[in-house]
Amino acid sequence: MDSQELNQRGNWGSKIAFIFAASGSAIGLGNIWRFPMMVGLKGGAIFVLTYILSVIFIGFTVMLAELTIGRHAKKNPVGAFNFIKPGSPWKLVGYMGVITGVFILSYYAVVAGWAAGYLYKTTIGTFRRLSTFSGEEAWEVSDIIFKNFSANPLEVLICLFIVIALTTFVISKGVKGGIERWSKILMPALFFLIIILAVRALTLPGAETGLSFYLKPKLSEFNADVIFFAVGQAFFSLSLGMGTMMTYGSYISKKDNLVSSAGWVCFSDVLVALLAGIIIFPTLFTTPGISPDKFQAETGLMFQVLPIVISKMPGGNIFGILFFILLLIAALTSTISLLEVPTAYLIDERNWKRSKAAFVIGLSSFLLAIPSALSHEAVKIFTKLKIMANMDLIFGNIMLAIGALFISIFLSYSWKTKNALKEIESGNKHFSLKPFWLINIKFLAPIVIFIILIFIIIKTITG
Ligand code: PHE
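These numbers were taken from a predicted model, which means no experiment stands behind them.

A word on the site of the ligand
In the vicinity of the ligand lie 15 residues, with Ala26, Gly30, Tyr108, Phe236 and Ser239 positioned nearest. Note that an oxygen atom of the ligand is positioned 3.1 Å from one of the backbone N or O atoms of leucine 29. For the ligand, a nitrogen atom lies 3.0 Å from a polar atom in the backbone of serine 237. Protein coverage of the free-state accessible area of the ligand, which is 320 Å², stands at 100%. When contributions to the shell around the ligand are tallied by element, the ones reaching two or more residues are helix 2 (15–26), helix 3 (29–41), helix 11 (224–237) and helix 15 (316–350). Residues that form the shell around the ligand fall into these classes: 6 nonpolar, 9 polar and no charged.

Here you go:
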């Protein structure tokens, strides 16, 4: 029996394996689907700039905090808080994370399922006929295709099932044999594909207009909303605030350098988001008949606009197949990390076997995902309650921000930064970013997140 079997928790094989797996968690629909959508909705380049600053000052800070707590405790989020402050209510923050993970998975897997469905549709050539329509008409037909697909309970549930089944399979194989092995294959494939697609988009005639919307900030577009959504996007995209990085951190060896690991994950996450924007915006702006206001539509960007683009582009079908493969890969390495948090909890705290834990959580997430899956006109009551959009607001934005707030307060004022520094410095003798990180974790991150949460509450109340 090898140590992996003896120890159900497992460990990463190397630092680079961790970076692949953690970037796999971070890079996902959040970068390729949600980020360009936010850029479109929230002012273009100024959002991009605010997002990058949020990642540097707050995202990196909270990521290093989560990795440090996780590696120190070698446990899932619930166990980690309980290990560092036994018997204190802090473990509730861990429970909050486990629950948030299952809920995020429940709607995230639905969108991942759409990507699977669209990969299939592109492969069989469903979107070819769009090329015969002019801009506006093409938009309407594409919209109908999307609505028919997302409102078809059978198709949507089959796609959802495939995503959850694949995720459960990988998680049941464990840290080294599952997550690490698959991330090592899937992440390089993803980088390769995304670079090909970005080059393709940049060489489209007229790409400059899209690029300038995307990269030339207009200060007049800046407001509180931009900050709120940029910080929220940073948490979502970096998988922060629910203990994913704590759990992944718990499998890191004491010798590894947490600071540079966190840096690499943040860097690759931002890079992929930026590249996704480079694919989307020039492509959108150079497609005749598609006016930029189309990407104000929430689900529109990817699932309605892209098929039109594909159909009208030379070699578009190949581009489309590559794109949806990419989206699916990115989504799967993230669903894996969402499922790993509750699985690790059941293994560590309830002594379950990995395979049983993965199966039970997988099945529960599938059942929980059904309302989201059917909330696009398939079932009236779910549609009316806007289940998916509200899940994203509550769990994908608010709960992650609350989680990140508690994590920074816990580290700074309960566990204390001097203890955290001991953990960080065990693998990094010369922590040159120490003053930067200390100011951010103690003051900047909690204050900014707190203000943002107050802003959300006021906004929700005043409608
Ligand atoms: N970071 C993932 C993405 O960008 C989503 C995610 C959020 C994963 C929270 C785990 C935890 O798609």
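Quick look at the packing of aromatic side chains
A complete count under the given rule lists 30 aromatic pairs for this structure. Ring geometry for phenylalanine 146 against phenylalanine 303: centres 5.8 Å apart, planes inclined by 25°, an arrangement best described as stacked. Placement of phenylalanine 146 in helix 7 (residues 135–150) and of phenylalanine 303 in helix 14 (residues 300–312) is noted, with a sequence separation of 157 residues between them. Judged by its relative accessible area of 0%, phenylalanine 303 falls in the buried class. On the numbers, 5.4 Å between centres and 45° between planes, the contact of phenylalanine 213 with phenylalanine 281 is tilted.

Concerning helix 6 (residues 91–123)
With 33 residues, helix 6 should cover 48 Å at 1.5 Å per step; its first-to-last C-alpha distance of 47 Å lies within 8% of that length. The largest bend in helix 6 is about 25°, located at serine 106. Of all 33 residues in helix 6, 25 are buried; the element is thus mostly enclosed.

A look at the pattern of salt bridges
Counted by the stated rule, this structure contains 10 salt bridges. A salt bridge links aspartate 143 to lysine 147; its shortest N-O distance comes to 2.9 Å. Note that aspartate 143 and lysine 147 are positioned in helix 7 at a spacing of 4 residues, about one turn of the helix. Taking relative accessible area as the criterion, lysine 147 reaches 47% and is therefore assigned partly exposed. One salt-bridge network, in which partners are shared between bridges, spans Lys42, Asp225 and Lys459.

Here we look at the side chain of serine 334
For serine 334, the location among the structural elements is in helix 15. Separated by 3.1 Å, the side chain of serine 334 and the backbone oxygen of isoleucine 27 make a polar contact. What serine 334 contacts, discounting residues up to four positions off in sequence, is Gly24, Ser25, Ile27, Gly28 and Tyr108.

Basis of the calculations
- Residues numbered from 1 in each chain as written.
- Predicted model: local features only at pLDDT ≥ 70, side-chain atom pairs only at ≥ 80, totals over all residues.
- Heavy atoms only, no water.
- Near = heavy atom within 4 Å.
- Polar contact = N/O pair within 3.5 Å; in protein donor to acceptor, adjacent residues only side chain to side chain.
- Areas by Shrake-Rupley, 256 points an atom, 1.4 Å probe, with all protein chains shown as cover.
- Helix = DSSP H or I, 4+ residues; strand = E, 2+ residues; numbered from the N terminus.
- Nonpolar A, V, L, I, M, F, W, Y, C, P; charged D, E, K, R; others polar.
- Phe/Tyr/Trp six-rings, centres within 6.5 Å; stacked < 30°, edge-to-face > 60°.
- Buried < 20%, exposed > 50% of the residue type's maximum accessible area, 1.4 Å probe, protein only.
- Expected span 1.5 Å × (residues − 1).
- Bend = angle between axes of the 7 residues up to and from the residue.
- Salt bridge = Lys/Arg side-chain N within 4 Å of Asp/Glu carboxyl O.
- Contact = heavy atoms within 4.5 Å.

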